[in-house]
Structures are given as structure tokens and as C-alpha cells.
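A closer look at the structure
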Amino acid sequence: MLNLKMLSKQSLYTLVHDSDSTKGRLFALSIQLLIILSLISFSIETLPDLSALQRSYLHYIEIAVVILFSVEYLLRIYVAKNRLAYIFSFYGTIDLLAILPFYIASGLDLRTVRLFRLLRLLQIFKLFKYSKALQRFQRAFNLVKEEMFVFGVIAMIMLYLSAVGIYYFENAVQPELFQSIFHSLWWALTTLTTVGYGDMFPITVGGKIFTFFVLLVGLGIVAVPTGLIATALSQTRTEEDKKVEK
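Structure report, in brief.

The rules we used
Numbering of residues begins from 1 in every chain and follows the order in which that chain's sequence is written. Local features in this predicted model are restricted to residues whose pLDDT is 70 or higher, and side-chain atom pairs enter the listing and the counts only when it is 80 or higher, whereas totals over whole chains, interfaces and linings include all residues. In computing side-chain values, all of the structure's heavy atoms are included and hydrogens and water are not. The way it works is that DSSP assigns letters per residue, a run of H or I at least four long becomes a helix, a run of E at least two long becomes a strand, and they are numbered from the N terminus. For each residue, the accessible area found with a 1.4 Å probe, counting protein chains only, is set against the maximum for its type, and the residue is called buried under 20%, exposed over 50%, and partly exposed in between. When checking whether two residues touch, look at their non-hydrogen atoms; a contact exists if any pair is within 4.5 Å. All accessible areas in this document rest on Shrake-Rupley with a 1.4 Å probe, and a residue is counted as covered only by the protein chains that are shown. We call Phe, Tyr and Trp rings a pair once their centres come within 6.5 Å, taking the six-membered ring for Trp, and we label the pair stacked below 30 degrees between planes, edge-to-face above 60, and tilted otherwise. Expected span of a helix: the number of residues minus one, times 1.5 Å. When a carboxyl oxygen of Asp or Glu is within 4 Å of a side-chain nitrogen of Lys or Arg, the pair counts as a salt bridge. The residues that make up patches have over 30% relative accessible area and no salt bridge, and they are joined within 9 Å when like-charged or within 5 Å when they are Val, Leu, Ile, Met, Phe, Trp or Tyr. To get an axis, a line is fitted to the C-alpha atoms, and for a helix only the part in contact is used. The angle between two axes follows their N-to-C directions and goes from 0 to 180 degrees. Here is the rule for handedness: rotate from the far helix to the near one, and if that takes an anticlockwise turn smaller than a right angle the crossing is left-handed, while a clockwise turn gives right-handed. Gly is put with the polar residues, along with every residue not named as nonpolar or charged; the nonpolar set is Ala, Val, Leu, Ile, Met, Phe, Trp, Tyr, Cys and Pro, and the charged set is Asp, Glu, Lys and Arg.

Within the protein chain, the regular secondary structure consists of 10 helices and zero strands. Taken from N to C terminus, the helices and strands of the protein chain fall in the order α-α-α-α-α-α-α-α-α-α. In the protein chain, buried positions account for 29% of the 246 residues. Of the contacts formed within the protein chain by residues at least 6 apart in sequence, a portion of 64% connects residues at least 24 apart. If you sum the accessible surface of the protein chain, you get close to 16,100 Å²; carbon and sulfur atoms cover 70% of it.

See the structure below:
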């Protein structure tokens, strides 16, 4: 009896974790398709003018999805070698958050969290080249993390100075928009990042000239970190190629 129980648990473990086996891969792909179905269903729910019947169908789909996810979550806990480690792991937390709001009826919709579960595709298809790419990004970031920190501090200083400058130029003529330096920070953020939503813009000559220089600085704020990461990635790639040659 004990051997049958162990065999059953081992078979379930293989089903859940061994994506090299046919059953394991089918199980994993089924879960991924279920995630995509739930995200599509969630997106459809946001459409206006859905009929009551259509909303009820979507609700039934959500119930079915949550039940299947719950079974999978309990199954993963059951077969886990260290159950607490799984429960408090990244994937375990995401798996729980994907179903918990449905049961506690908190009104907090966390279905989009299920998107992170698609990261298991890296494990399912053994996409080592993508895994290596992620590792390369990590090494590249480690190479320039000090420069990025210094640049981040400078960017924060420029953000504040930009808010102060536009406040002094525009507060007198647009007091409803540039009420304070804190209100002006939104303009500074959208301008320095070159987004420019157009909800706040200068109308004084001084404000327009000041905006011109802020935009020039903003181009650098966008370009500098991009250049740092690109250089670091290139260096990391070169180091990998040298190791391969050896």
C-alpha cells in the first residue's frame, strides 16, 4: 500500500515537474493555454455593452478556470519536496494570488497576475538560449550598476530642478495647473522622459525657452542608460565568445 502511494505521488510529481515527458509537457501546456484563456476572458469582460448572457458565460469560464487552477495549486503543494519552500516561492505566491481573490470575494481583481505564470514556458521548452539572454542582461546590469545609480541620482536632481524652474515661470499665469512644485513634478517627469502628454505646457516665453533646454536634457536621460546597457551587453557577449574560443 505504501509503495502504491509513493508510486502515485512520484507519478504526480513527474506529471507536474517533468516537462521532458509527454504527459508532463501536455500538462504544462494545458495550464499555459488555460492561463491565456483566462486572460482573454478577463479582457473581454472589459468590453462595454456586453449582454447579461455573455457576462454569465464569462463568469462560468472564470469559475472553471479557478477550479482547475486550485486543483493544480493543491497538486503542486502535495507533490512538493519542501511544501513551505514552494508556497513562499515566487511561483507559489503567483499561483496563490491568481486564485485567492475569487474565494475571499475581496473585490480585488488579480487575474492579470496569471500572466507571470507564463514564465514557466522557459522551463517547459528548455529555452536555454533565452535563459542565457536573461543571465546576460543580469551580468550587463551588474557591470554598470554603479554608473546607473549615479545617473539615477542625477536624474532625480534634474527632475526636481525642472519642476522648480517651470513653477517659477508658469505659476503666475497658470496657477490652476502649476499650483506648486509638487504639481509641477508631473510636467517635469513627462517632459524629461520626452513623453509630453500635453495636459500641462508652458505659455510664457521664459517657460518655453526653459522647456527647450529641459527637452534636450531629457534626450540625454533616455539615451545615457540605453547606451550604458548596450555597451555592457556588448562587453558581456565578447567575454562569452572569448570563453567559447578557449
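Another point: the packing of aromatic side chains. On inspection of all chains with the given rule, the structure shows seven aromatic pairs. Both rings, one in Phe169 and one in Phe210, keep their centres 5.6 Å apart while their planes meet at 40°; by these two values the pair is tilted. Of the two residues, Phe169 is situated in helix 8 (residues 128–170) and Phe210 in helix 10 (residues 205–245); the sequence distance between them amounts to 41 residues. Exposure remark for Phe169: the relative accessible area of 37% places this residue in the partly exposed category. Residues Trp186 and Tyr197 carry aromatic rings whose centres are separated by 5.7 Å and whose planes lie at 5° to one another, so their mutual orientation is stacked.

Our next topic: helix 2 (residues 22–45). Its 24 residues give helix 2 an end-to-end C-alpha distance of 34 Å, which sits within 8% of 34 Å, the value for a rise of 1.5 Å per residue. Residues of helix 2 that are buried include every one of Gly24, Phe27, Ala28, Ile31, Gln32, Leu34, Ile35, Ser38, Leu39 and Ser41, and no others.

It is worth spelling out the pattern of salt bridges at this point. This structure, assessed with the given rule, holds one salt bridge. Across the salt bridge formed by Glu72 and Arg76, the nearest N and O atoms sit 2.7 Å from each other. On the criterion of helical spacing, the pair formed by Glu72 and Arg76 is a turn pair, its members being four residues apart in helix 3 (residues 52–79).

A word on the side chain of Thr211. Here Thr211 shows up in helix 10. Overall, Thr211 belongs to the buried group, its relative accessible area being 12%. Other than its neighbours up to four places away in sequence, Thr211 contacts Ile166, Trp187, Thr191 and Pro202.

This part covers a nonpolar patch on the surface. There is a patch of nonpolar side chains on the surface, built from Phe149, Val150, Val153, Ile154, Ile157, Tyr160 and Leu161 and spanning about 690 Å² of accessible area. Relative to the elements of secondary structure, Val153 occurs in helix 8. Take Val153: its relative accessible area is 39%, and that puts it in the partly exposed class.

A word on the packing of helix 2 against helix 3. Contact geometry for helix 2 and helix 3: axes closest at 10 Å, N-to-C directions at 145°. The way helix 2 lies across helix 3 gives a crossing that is left-handed. Within the contact between the two elements, helix 2 uses Phe27, Ile31, Leu34, Ile35, Leu37, Ser38, Ser41, Ile44 and Glu45 and helix 3 uses Arg55, Leu58, Ile61, Val65, Leu68, Phe69, Glu72, Leu75 and Arg76. Of the residues contributing to the contact of helix 2 with helix 3, the split by class is 12 nonpolar, two polar and four charged.

Position of Ser70 relative to the elements: it lies in helix 3. Excluding residues that lie within four positions of it along the chain, Ser70 makes contacts with Ile99 and Tyr103.

Here Ile44 is to be found in helix 2. Accessibility expressed as a relative area gives 33% for Ile44, which makes it partly exposed. It is 8.3 Å that separates the C-alpha atoms of Ile44 and Leu58, two residues lying 14 residues apart in sequence. Dropping the residues within four chain positions of it, Ile44 is found in contact with Leu50 and Leu58.

With that out of the way, let us pick up unusual backbone geometry. Its identity is not glycine, yet Asp49 carries a phi of approximately 65°, on the positive side. Within the chain, Thr194 stands out as a residue other than glycine whose phi angle is a positive 60°.

Our focus in this paragraph is helix 3. The terminal C-alpha atoms of helix 3, which comprises 28 residues, lie 41 Å apart, in line with the 40 Å expected from a rise of 1.5 Å per residue. Of the positions making up helix 3, those classed as buried are Leu58, Glu62, Val65, Val66, Phe69, Ser70, Glu72, Tyr73, Leu75, Arg76, Ile77 and Val79.

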